[in-house]
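Chain and residue survey
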Amino acid sequence: MASSLANPLLFSKPYKLFLASARFSTENSALLSKSYISSCARALSFCQNFSTSAASLRQHKVHALGRTSEPVIEFDKEEIVKDDPSNNVPDSIFYKLGLQLHRRDQHPLGILKNAIHGYFDSNYPNKFEKFDNLSPIVSVKANFDDVLVPADHVSRSYNDTYYVDSQTVLRCHTSAHQAELLREGHTYFLVTGDVYRRDSIDSTHYPVFHQMEGVRVFTLADLEGSGSDATSYAAEDLKKCLEGLARHLFGSVEMRWIDTYFPFTNPSFELEIFFQEKWLEVLGCGVMEQEILTTNGRPDSVAWAFGLGLERLAMVLFDIPDIRLFWSTDERFTSQFSKGQLGVKFKPFSKYPPCYKDVSFWISDSFTENNLCEVVRGIAGDLVEEVILTDEFTNKRGMTSHCYRIAYRSMERSLTDKEINDLQWKVREQVEQKLKVILR
């Protein structure tokens, strides 16, 4: 079994529903102020697009911030975290909006993004357009419908996706921009951005992460004289492109292709490499479903698409052991990385021990583990390292009990007993109050 480095939303079950590319739609462009659009050219918008109302979204404050040249976008909190029955965006997620780690040249994610851009620039000169500043606030249509996500798919649930309102979400994947880019006539493009998903808590999962995907469209003229049918031609070109990218990032490694299934590509593949003595899944890809092309003005074309998760690749390339570190502002972390230096190995600067606390309760019918993790994150933030189910049983009356072990650990300092006890007490209070469970 290969370890997965692919995008945890696009290419891991149950999120193998997402493969394609995306960009901010015309209706969503109302989110941006005109001054920001002119200064950033492509500002705003593979997981999803949503909207409150166009009038409401026009009120978002979006502009460049920061003491350095690193771009940061500011959003109006009242428009994102608001009193709407469908809104489930917590403060902890709001404050991650606009930080754009992937656009920081000295950050591991920015270094990796630039390395991938460099590969495409060298091998496809002046071909691939890059979009890395599209708004993460998108319409439900762009996020799900435009990439053929079924109406009853789990990814649409409030348990999995952050909703601003019933018609607007924080994108779950950069594919939320694919349809709009195709309609605008783009035929070679890379989309990179921050994406959002309600998720579990451990060293490789975080509710905000970063994706990159690429799309190439072929016309009938491109296929003339190839001697292959359109699908075979696109698949062969796709594999050649991505094998080159894997060598560019990982060196001369053994590779293999695994046939798989994604609802929006056919055929579909996963690329694995043999790296550090094990097979690793690097990315998912395939030939785009014709319906997507036809619906968006390309009925006589064929296209390929791929998607990858930047954090997963960066954790391997830079030896970063915990996904929380990507958000660290500690100079002992940030000073280890330099522009253009791919694969510099991270040197751990702390060995602070974890502290474990258990919480047990009788669950309700509406209980979900994602909701528990949201409560814990909302209280402890990045001080929580892991939440795992350690015990489960059902009594004779049919009541089910769960026991979860919470690991608290700072990446930068020792936590005091009082600090941890205070956090745990707040967790217990909020779990009982918000999740409607009975503490044991």
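Here, the structure is the one placed above.
Worth saying up front: this structure is predicted, and the values here are computed from it rather than measured. (Residues numbered from 1 in each chain as written. Predicted model: local features only at pLDDT ≥ 70, side-chain atom pairs only at ≥ 80, totals over all residues. Heavy atoms only, no water.)

Our focus in this paragraph is the packing of helix α5 (residues 108-123) against helix α11 (residues 310-317). Packing of α5 against α11 leaves a shortest axis separation of 10 Å and a crossing angle of 100 degrees. What the angle tells us is that α5 and α11 run roughly perpendicular. Taking contact as the criterion, the partners of L109, L112, K113 and I116 in α5 are, on α11, L310, E311, L313, A314 and L317. Partitioned by chemical class, the residues of the contact of α5 with α11 number seven nonpolar, no polar and two charged. (Axes fitted to C-alpha atoms, helices over the stretch in contact; angles between N-to-C directions. Helix = DSSP H or I, 4+ residues; strand = E, 2+ residues; numbered from the N terminus. Parallel < 35°, antiparallel > 145°, perpendicular 65-115°, else oblique. Contact = heavy atoms within 4.5 Å. Nonpolar A, V, L, I, M, F, W, Y, C, P; charged D, E, K, R; others polar.)

As paired elements, strand β14 (residues 384-394) and strand β15 (residues 400-408) share nine bridges and run antiparallel to each other. Bridging from a neighbouring strand, L389 pairs with Y404 of β15. A loop of five residues connects β14 with β15, the two strands running antiparallel in sequence, and G398 in this loop sits at a positive phi of about 85 degrees. (Pairing = 2+ DSSP bridges.)

Let's shift gears to the pairing of strand β10 (residues 265-275). Burial of β10 is extensive: eight of the eleven residues sit out of reach of the surface. Sheet analysis places strand β9 (residues 254-262) next to β10, joined by eight bridges and oriented antiparallel. Each residue of the ladder has a partner; that of I258, found in β10, is E270. Taken together, β9 and the strand that follows it, β10, pair antiparallel across an intervening segment of two residues. Where β10 folds back on strand β11 (residues 278-288), the antiparallel hairpin that results is connected by two residues, among which Q276 adopts a positive phi of roughly 50 degrees. (Buried < 20%, exposed > 50% of the residue type's maximum accessible area, 1.4 Å probe, protein only.)

The next point concerns the sheet that holds strand β16 (residues 438-439). Strand order in the open sheet formed by four strands is β14-β15-β13-β16, with antiparallel pairing between adjacent strands. Strands with a single pairing partner mark the edges of an open sheet, and in this sheet they are β14 and β16. Across the face of the sheet, helix α14 (residues 417-435) comes into contact with β13 (355-362), β15 and β16 while running at roughly 20 degrees to β13.

Here we come to the environment of C355. Turning to its location among the elements, C355 is positioned in strand β13. Residue class for C355 comes out buried when judged on its relative accessible area of 19%. Considering only alpha carbons, one finds C355 and Y408, 53 residues apart in sequence, at a separation of 5.2 Å. When sequence neighbours within four positions are dropped, the list of residues in contact with C355 reads I406, A407, Y408 and I420.

The full count for this structure, using the stated rule, is zero disulfides. The closest cysteine sulfur to the non-disulfide-bonded C285 is located on C241, 9.4 Å from its own sulfur. (Disulfide = S-S within 2.5 Å.)

With that settled, consider the pattern of salt bridges. The full count for this structure, using the stated rule, is 20 salt bridges. Its salt-bridge partner being D132, residue K113 comes within 2.7 Å of it at the nearest N-O pair. Highlighted residues: K113 in helix α5 and D132 in the loop between β3 (129-131) and β4 (137-139), separated in sequence by 19 residues. For E385, the salt bridge goes to R409, with nearest N and O atoms at 2.9 Å. One end of the pair, E385, is in strand β14; the other, R409, is in the loop between β15 and α14, with 24 residues separating them in the sequence. A relative accessible area of 14% means that E385 is categorised as buried. Overall, R409 belongs to the partly exposed group, its relative accessible area being 23%. (Salt bridge = Lys/Arg side-chain N within 4 Å of Asp/Glu carboxyl O.)

Another aspect to go through is α11. Most of α11 sits out of view: eight of its eight residues are buried. Looking only at α11, the buried set comprises L310, E311, R312, L313, A314, M315, V316 and L317. Two residues or fewer past α11, D319 is found with a positive phi of approximately 60 degrees.

Before going further, it helps to examine helix α13 (residues 369-380). In a regular helix each residue adds 1.5 Å, so twelve residues correspond to 16 Å; α13 covers 16 Å between its end C-alpha atoms and thus fits that length. Along α13, the positions that sit buried rather than exposed are N370, L372, C373, E374, V375, V376, R377 and A380. The positive-phi residue at the C-terminal boundary of α13 is G381, with phi of around 60 degrees. (Expected span 1.5 Å × (residues − 1).)

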